[in-house]
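# Residue-level structure breakdown
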Amino acid sequence: MTVMGHIFYNWLSKSAFATALILLPLMHISDASAGNEPLLSPSSESLQLGEQMYRNGILPSGEPIQAFVKGDLPVPGTAFSCVSCHLRGGLGSVEGGVFTPPTSGLQLFQPFKILFKGLTQTFFPFPDRRPAYNDTTLAEVIRSGATPWGSTLNDVMPRYLLEDNDMAVLITYLKSLSARFPPGISDTTIHFASIITEDVSKEERDSMLAPLQRYINIKNSQVNSYKSSLGKKSRQMAENMMVSKELSTRKLTLSVWLLKGAQNTWHTQLEEYYRQEPVFALLGGISRSGWRPIHQFSEDNKIPCILPQTDFPVISDTDWYTLYPSKGYYQEGQAAARYLISTQEGKTDKKVVQIVRNSIEGAALSAGFEQTLRERNQPPVVTVQLQVGEKITSGFLQQIIKKENTETIILWDDTDVLTALESLSSITNKPKSVFVSARYLGDKLHKLPDNAREFTYITYPYSFAKAAVPSAMGGSILIEDESKTLVNLAQLPGHKPPETARQTSETITQLITMDLMEMRGNYYRDNFLDVLGMIPDQPSPTYARLSFGPGQRYASKGCYIVQLTRGESPVLVKKSAWVIH
Amino acid sequence: MRGSIPSNLLLFFSIILGIFHCDLSHAGTQYKRTIENYSMPDVVLVNQNGAKVRFKELMQSNKPIIVDFIFGTCTTICPVLSAGFVNLQNKIGSDSKKVHLVSISIDPENDTPMVMNEYLKRYKAKPGWDFLTGSRKDIDTVMKAFNAYIPNKMSHYPLTLMRPSGDNKWIRIFGLMSSLEFISEYQKMANK
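These figures come from a predicted structure and were not determined experimentally.

Here the focus is the overall build of chain B. Of the regular secondary structure elements, chain B holds six helices and eight strands. The order of helices and strands in chain B, counted from the N terminus, is α-β-β-β-α-β-α-β-α-β-α-β-β-α. In chain B, buried positions account for 44% of the 192 residues. When contacts within chain B are restricted to residue pairs at least 6 apart in sequence, those whose partners lie at least 24 apart make up 74%.

Turning our eyes to something else, we now look at the nonpolar core. Ranked by internal contacts, the top residues of the largest apolar core, which has 108 residues, are Phe192(A), Ala281(A), Leu282(A), Ile306(A), Ile355(A), Ile410(A) and Leu411(A). By residue number, the principal contributor to this core is helix α13 (residues 329-343) of chain A, which donates eight residues. Here this core spans two domains, since at least three of its residues come from each of domain 2 (189-326 + 495-523) and domain 3 (329-460 + 562-574) of chain A. Residues in contact with Phe192(A), not counting those within four places in the same chain, are Leu252(A), Thr253(A), Leu254(A), Val279(A), Phe280(A), Ala281(A), Leu282(A) and Leu283(A). By size, the runner-up hydrophobic cluster in this structure holds 76 residues, among which are Leu49(A), Trp129(B), Ile171(B) and Leu176(B).

Residues and elements named next belong to chain A. Side chains Ala67 and Val69 of strand β1 (residues 66-69) all project onto a buried face; the interleaved residues Gln66 and Phe68 project onto a face where none is buried. With three bridges joining them, β1 and strand β5 (residues 159-161) adopt antiparallel strand pairing. Bridge pairing in β5 places Phe68 opposite Arg159.

Residues and elements named next belong to chain A. Notably, Lys302 is not glycine yet its phi reads approximately 55°, a positive angle. In this fold, Lys302 is placed in the loop between α12 (292-301) and β9 (305-306). The phi angle at Asn405 is positive, at roughly 50°, despite the residue not being glycine.

Our next topic: the sheet that holds strand β19 (residues 560-564) of chain A. Residues and elements named next belong to chain A. Strand order across the open sheet formed by eight strands is β12-β11-β13-β14-β15-β19-β20-β16, with mixed pairing between neighbours. Each edge of the sheet is formed by a strand with only one pairing partner; in this case those strands are β12 (382-386) and β16 (485-486). Together, β13 (408-412), β14 (433-437) and β15 (456-460) form the strand contacts of helix α16 (residues 417-426), whose direction differs from that of β14 by roughly 170°.

All names here are of chain A. Per the domain assignment, the segments of chain A are domain 1 (3-176), domain 2 (189-326 + 495-523) and domain 3 (329-460 + 562-574). Distance between the C-alpha centres of domain 2 and domain 3: 37 Å. Classifying every residue of the side of domain 2 that touches domain 3 by side-chain character gives two nonpolar, four polar and one charged.

All names here are of chain B. Position of Gly128 among the secondary structure elements: in the loop between α4 (113-122) and β6 (129-132). Exposure remark for Gly128: the 18 C-beta atoms within 10 Å place this residue in the partly exposed category. Residues Gly128 and Thr73 lie 55 residues apart in sequence; the distance between their C-alpha atoms is 22 Å. Setting aside residues up to four positions removed in sequence, Gly128 forms contacts with Gln89, Ser96, Lys97, Val99, His100 and Leu101.

Moving on, we come to the packing of helix α9 (residues 202-227) of chain A against helix α18 (residues 497-519) of chain A. In helix packing, the relevant descriptors are the interaxial angle and the interaxial distance, both defined with respect to the helix axes. Residue and element names in this part refer to chain A. The contact between α9 and α18 brings their axes to 8 Å, and the two run at 20°. Relative to α18, the element α9 lies roughly parallel. The hand of the α9/α18 crossing is right-handed. Contact residues: α9 offers Glu203, Glu204, Ser207, Met208, Ala210, Pro211, Leu212 and Tyr215, while α18 offers Pro497, Pro498, Ala501, Arg502, Ser505, Glu506, Ile508 and Thr509.

Residue and element names in this part refer to chain A. Overall, the predicted model of chain A reaches an average pLDDT of 85, with 85% of residues at or above 70. Considering only residues more than four positions removed or in separate chains, one finds that residues 1-40, a stretch of pLDDT under 50, has 74 contacts. Below a pLDDT of 50 lies the segment residues 116-123, which in the model reaches 11 contacts outside its immediate sequence neighbourhood of four places, other chains included.

Adjacent strands of a sheet pair through backbone hydrogen bonds, lying either parallel or antiparallel. Residue and element names in this part refer to chain A. An order of β7-β6-β8-β9-β10 is seen for the five strands of this open sheet, with the pairing classed as parallel. Each edge of the open sheet carries a strand with a single partner, namely β7 (251-259) and β10 (322-323). Relative to strand β8 (residues 281-283), strand β6 (residues 189-197) runs parallel, the two being bridged by two bridges. Directly across from Ala193, in β8, lies its bridge partner Leu282.

Residues and elements named next belong to chain B. Between its first and last C-alpha, helix α3 (residues 77-92) extends 23 Å over 16 residues, near the 22 Å set by a 1.5 Å rise per residue. Among the 16 residues in α3, 13 count as buried, and that is most of the element. Gly93, located one to two residues past α3, shows a positive phi value of around 90°.

Residue and element names in this part refer to chain B. Mean pLDDT over chain B stands at 84; residues scoring 70 or higher make up 84%. In the predicted structure, residues 1-28 sits below a pLDDT of 50 and forms 22 contacts with residues beyond four places in sequence or in another chain. Here the prediction assigns the complex a pTM of 0.87, and the interface score ipTM is 0.83.

Residues and elements named next belong to chain B. Those residues of α4 not exposed but buried are Pro113, Met116, Tyr119 and Leu120. Within α4, the buried residues cover an arc of 125° as seen down the axis, which keeps them to one side. The inward-facing, buried residues of α4 contact β2 (44-46), β5 (100-105) and β6. Downstream of α4 by one or two residues, Lys124 has phi in the positive range, about 55°.

Next up on the list: the pairing of β15(A). All names here are of chain A. Taking burial as the measure, the five residues of β15 include five buried ones, the bulk of the element. Burial of β15 is two-sided: the residues Thr456, Ile458 and Tyr460 facing one way and the residues Tyr457 and Thr459 facing the other way are all buried. Where β14 meets β15, four bridges bridge the pair, whose relative direction is parallel. Paired with Ser437 across the two strands is Thr459, which belongs to β15.

Reading the values: the criteria
Residues numbered from 1 in each chain as written. Chains lettered and ligands numbered in written order. Predicted model: local features only at pLDDT ≥ 70, side-chain atom pairs only at ≥ 80, totals over all residues. Helix = DSSP H or I, 4+ residues; strand = E, 2+ residues; numbered from the N terminus. Buried ≥ 20, exposed ≤ 12 C-beta atoms within 10 Å, placed from the backbone. Contact = placed C-beta atoms within 7 Å. Core = buried A, V, L, I, M, F, W, Y, C linked by C-beta atoms within 7 Å. Domains from an automatic or database assignment. Pairing = 2+ DSSP bridges. Axes fitted to C-alpha atoms, helices over the stretch in contact; angles between N-to-C directions. Nonpolar A, V, L, I, M, F, W, Y, C, P; charged D, E, K, R; others polar. Parallel < 35°, antiparallel > 145°, perpendicular 65-115°, else oblique. Left-handed = near helix turned anticlockwise from the far one by under 90°. pLDDT = per-residue confidence, 0-100. Expected span 1.5 Å × (residues − 1). Arc of directions from axis to C-beta.

Rendered as structure tokens:
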């Protein structure tokens, strides 16, 4: 399905009036947002307090805001903060048939117009949908729902009991919200960049960049063609048909920021790149050695970063600006712990021993494993660190098993796994289960010793389904990953990094296409992420399904536990659901 | 023909505007109530404490049951549905367990027991309100059993399903109720 087709389908899937709601009020936003009136400069402390009210429902005093919803339900403002419906960028939302109008200052303090994209209203100018609010009328509508034009707001909108001083703080914040375009946006261009670290092969870099550059070339050649006298009619037609006419005149650019040297120098390199080439957002990007400094750069500068290809994302429930494809190795550790708990009736009563190679992979896998056990109130795991080059001998394993009296060993290692499994399969008091990581094993996955396969459980973070690769301009049919076995092991996505890189970038072009349209000219970074959070699930050849949602920052949530069958032509067999609860 | 375009468009826009105005004046005070027969599937779900729950058994409880479909990071309608649950629990008073409130996740991959537990805490849920997740397949089965299947969480709609004690008929409420309407529906069900 094309993007337009997709959007049209979405509209059709909602009720007629929901469609009208989407069509009418949102369409005017782009023109309003382009205003550049000088704004007051309130103190940063006041803005922080306002932000706390807007995002967390907490008054400057530290108390929760008192709110009433559906006419008479008293609810704590912490559960009904402004941000939960109007979203972080303040441009509102449409969800479940409920339309939430914008609350950013530029929208509130001017008349809410009804405007139809691409249609000149010379014949029948419409009256304003509502007049502009001022501080007094806005305070009244927040408190009581009474509008300045004599009606009452839908009672889905809570009423907030705010004192005058608190109300002033909130209104000041609303005036500052999505008030100016960020760096990287001009009347003619939206600037993006991709970050690559020098440890990535040229083939992988090119595979990651090619779909993005192709998408941008197509988009820009459209804009070029609209500029000619012959293209004027095409442009008008596109503006009438497209949700966002702002895109018909704006080109996209993609800079490549190559990071060199030690990680502790990356932040400085990034700041310098950003100074020279201010960008709106970061698309994709790829690194083999960790993403933390780039993640921090995004947080510090409030720059969205969409699906960077890293197996080492920063794990955070609160950071906002980076949307990762998954939690990487951490997610595999998490899956192993969840599987253990679910198969042991909720408690890991015997000691679990984790043998961890001193590596970035080992650290991420063990962090996911340990944290999950902690969250589920399980006894702590015994961790044995392996130094780089240190061998796992049979004696070493027997000693651990005897000392810890364990039935479960987690082997977060790549170099010595096969020998260790061979040793374990031949000792008398061998553990009931050993867990290893498919991604960390790579090619060795196919070579697990035959005798060890029955007790070896493998974390496998990829789909078994042969999903079609989505094209740059359409296709969003979700593939259900229902096959129980994977026969063709050469399909292991970890074996083909350039292909994975290309596929992820194809997905990015899908997301960006929808996001830029749905933003409707409101090119604010928080809005970019807000809109992304509302995008329906997307197919992924690597993960089957990428899902989004307000504030969700890891698109693929699952990881199978699988086993390898015996024999020379083994297959992988699923032992768990994609997401283990 | 050119002259007719504006008037046609005007008519079109008038219709749309009519719908728009209609929504603002009445939305939220109307809901659709029907009585339905549903057959409960035998699937195992997981609650906010990580405990496995046999869904069919749960639905055979002698207590009145109220079911809704929500997700942890939802904006707009889930918070309103949940506010209704909070209010009902407050209204019932100390014995909050005498009615079983069951929220079923429609974002089962993201809604882990931890996410669901935090959600319930945010709403100050009392005992008697459970939030269930599971595999996507099992959640799909449950949605289908209630004639509430949606392929994607972002296209959901407000739905409350109420089953009186000792009955196998379900009251299906489509739309958002005010708290008074919700309490009134609950009392009708409880007094049945």
